[in-house]
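Secondary and tertiary structure notes
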Amino acid sequence: MLTSLAFIFLFGLICAAICEKIHLPRIVGMIFTGIILGPFVLNILDSSILSISPDLRKLALVIILIKAGLSLNLNDLKQVGRPSILLSFLPASLEILAYLIFAPLFFQISLSDAAIIGAVLAAVSPAVVVPRMINLIEKNYGTEKSIPQMILAASSLDDIFVIVLFTTFLGISENGKLNTSGLFDIPISIITGIIGGSLVGIAIYKFFEFKHNNNHTIRNSIKVIIILGVSFLLLTLEDILNEKVAFSGLLSIMSMSCAIAVKSPKLVTSRLSAKFGKLWLAAEIILFVLVGAAVDIRYATSTGLIAILLIFIALIFRCVAVWICTIGTNLNTKERVFCMFSYMPKATVQAAIGSVPLSLGLPCGNLVLSISVIAILITAPLGATLMDTTYTKMLEKNK
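This text gives an overview of the structure that appears in the document. (Residues numbered from 1 in each chain as written. Predicted model: local features only at pLDDT ≥ 70, side-chain atom pairs only at ≥ 80, totals over all residues. Heavy atoms only, no water.)

1. With respect to the overall build of the chain
Counted only if it meets this: Secondary structure elements follow DSSP: runs of H or I no shorter than four residues count as helices, runs of E no shorter than two count as strands, and numbering proceeds from the N terminus. Classification of residues uses two cut-offs on accessible area relative to the type maximum, computed with a 1.4 Å probe and protein chains only: under 20% is buried, over 50% is exposed, and between them is partly exposed. Under the convention used here, a 1.4 Å probe and the Shrake-Rupley method define accessible areas, while residue burial counts only the protein chains that appear.
Looking only at helices and strands, one finds 20 helices and zero strands in the chain. On the principal axes, the C-alpha backbone points of the chain span a range of 60 × 50 × 50 Å. Taken over 399 residues, the chain has a buried fraction of 54%. Put simply, the chain shows about 17,300 Å² of open surface, and 66% of that area lies on carbon and sulfur atoms.

2. Some details on the side chain of S252
Condition: Contacts are residue-level and defined by heavy atoms, with any inter-residue pair within 4.5 Å sufficient.
Inspection of the secondary structure puts S252 in helix α13 (residues 249-263). The contacts of S252, once residues within four sequence positions are left out, are G193, G197, L234 and F247.

3. Here's the deal with the environment of T168
In this fold, T168 is placed in helix α10 (residues 147-173). Distance from T168 to T390, taken between C-alpha atoms, is 37 Å for residues 222 residues apart in sequence.

4. Focus: the packing of aromatic side chains
We describe a pair of aromatic rings using the distance from one ring centre to the other and the angle between the two ring planes. This is how the line gets drawn: Any Phe, Tyr or Trp ring, taking Trp's six-membered ring, that has another such ring centre within 6.5 Å forms a pair; planes under 30 degrees apart are called stacked, those over 60 apart edge-to-face, and the others tilted. Here, a charge over a ring means that NZ of Lys or CZ of Arg falls within 6 Å of the ring centre while also lying within 35 degrees of the ring normal.
The final tally for this structure, using the stated rule, is six aromatic pairs. With centroids separated by 5.1 Å and ring planes inclined at 85 degrees, the aromatic side chains of Y141 and Y391 adopt a geometry described as edge-to-face. Remark: Y391 occurs in helix α20 (residues 365-394) and Y141 occurs in the loop between α9 (126-139) and α10; sequence separation between them is 250 residues. Taken as a pair, Y141 and Y391 share a single burial class, namely buried. An aromatic cluster is defined as three or more aromatic residues linked by ring pairs; in this entry it consists of F102, F106 and F317. For K223, the ring lying beneath its charged end belongs to F208, and the centroid distance is 5.2 Å. The side chain of R336 reaches across the aromatic face of W323, ending 3.8 Å from its centre.

5. Focus on the pattern of salt bridges
Pairing between side chains of opposite charge can happen when their charged atoms approach one another. What counts, and what does not: Between Lys or Arg on one side and Asp or Glu on the other, a salt bridge is scored when a side-chain nitrogen of the former is within 4 Å of a carboxyl oxygen of the latter.
Per the stated rule, a full pass over the model turns up six salt bridges. As a salt-bridge pair, K346 and E95 come within 2.8 Å of each other at their nearest N and O atoms. You can see K346 sitting in the loop between α17 (333-342) and α18 (348-353) and its partner E95 sitting in helix α7 (residues 90-107), a full 251 residues away along the chain. By relative accessible area, which is 1% here, E95 ends up buried. The network of salt bridges with common partners includes E95, D158, R318 and K346.

6. Regarding the environment of I63
Looking at where I63 falls in the secondary structure, it is placed in helix α4 (residues 53-71). A sequence separation of 216 residues divides I63 from L279, and the C-alpha atoms of the two residues are 7.4 Å apart. Excluding anything up to four places from it in sequence, I63 contacts L228, F276, L279, W280 and A283.

7. With respect to the nonpolar core
We count it as follows: We call a set of buried Ala, Val, Leu, Ile, Met, Phe, Trp, Tyr and Cys residues a nonpolar core when their side-chain atoms join them within 4.5 Å.
Of all hydrophobic cores here, the largest spans 126 residues; its most connected members are I116, I151, L250, W280, F288, F338 and I371. Considering every element that reaches this core, the biggest residue donor is α10, with 15 residues.

8. Quick look at α17
What counts is decided by this rule: We call two N or O atoms a polar contact when they sit within 3.5 Å, provided that within protein one can donate a hydrogen and the other can accept it, with sequence-adjacent residues counted only if both atoms are side-chain atoms.
In terms of residue burial, α17 counts as a mostly covered element, since seven of its ten residues are buried. The set of residues buried in α17 consists of E335, R336, F338, C339, M340, F341 and S342. The elements touched by buried residues of α17 are α9, α10, α16 (304-325) and α20. Capping of α17 at its N-terminal end is provided by N332; its side-chain oxygen lies 3.2 Å from the backbone amide nitrogen of K334.

9. Section: helix α8 (residues 111-121)
A large share of α8 lies buried, amounting to ten of its eleven residues. Turning to α8, the residues buried within the fold contact α7, α10, α18, α19 (356-359) and α20.

10. Focus: a nonpolar patch on the surface
Rule in force here: Each patch groups residues whose relative accessible area exceeds 30% and which form no salt bridge, using 9 Å between like charges and 5 Å between nonpolar side chains of Val, Leu, Ile, Met, Phe, Trp and Tyr.
A cluster of nonpolar side chains, namely F32, I36, F40, V41, L42, I44 and I297, defines an oily patch on the protein surface of about 560 Å² accessible area. Within the secondary structure, F32 is located in helix α2 (residues 26-37). Given the relative accessible area of 42%, F32 is considered partly exposed.

Encoded structure:
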């Protein structure tokens, strides 16, 4: 396993650096590293690391959600109001609708399988969007109208919304049919996740504050370990409560980190966010290399052209939804188009959950994973490039 980890880190970094040189997102190089090292090409990764791949990918997802929660400013969310709330669910909903309409026509699959594909692919990528929005905030581009804050907040909530839908659709698909009664668990899991996570976050803050007031200041590194440990317990709690009440562990993790950010001084929050950012450097490599290793390149190639067509049709639905969400705002046409660009990239969530149907033995597993990887390879470079090359022209700099 140690040799495999060495290959993952070293070759993943090398390929990521090459992609950066040619102005492509680093994650593209990492995915190609996984494909090359994986069992369907060179087959040099140890089976032991592949067997724990789902847990490692979930760990990476937890880290990026905590970082997003710590970076989220609820005051900014209140300022942008209605469009931010709409952006958190409407683009994903219309994109899922596109997959429900067209995926059964293109691949002759059931509605339940199409719903799973849509739920996997409808999430925007924190790995691509979050760093760029934070960069825009630091450079004061679009901040007068709170555009990067709006996208940062809404895209984070978008991911949670989609993950909750995915969990629901996955359970429904295992029963062989799409039963809409299971959708009632979605609002329940959202409410319980937000309340539970917020209470835990406040309790953690109170603990840190108590220690500080008693001259036992906890180092930020220890705080990171505590927050991670509690996050894992929240995921376990979701499994325990699964039969009794709907509860979103991932949403509770983000709510917990938001509560800590709201209660803690800005300096403390920024330092914690920086710590998780350093953790993400390693988690990102593991996440994207392992998702590339899970791809059967032959199957992905056979579905390529049809999958690409399906992805672009769904992106059109998504862009239309983003445009609808910004109707009636003070954003001009260029700024609204930039919001559409920002909502294009797929990567983190698709890498984290794209292989779950395959690991559960669902008939659509290979198809879901293949389309997920194709979507990452297309939309991540496309969205990142459009954001990087247009923000100076489409957003006003706040002087």
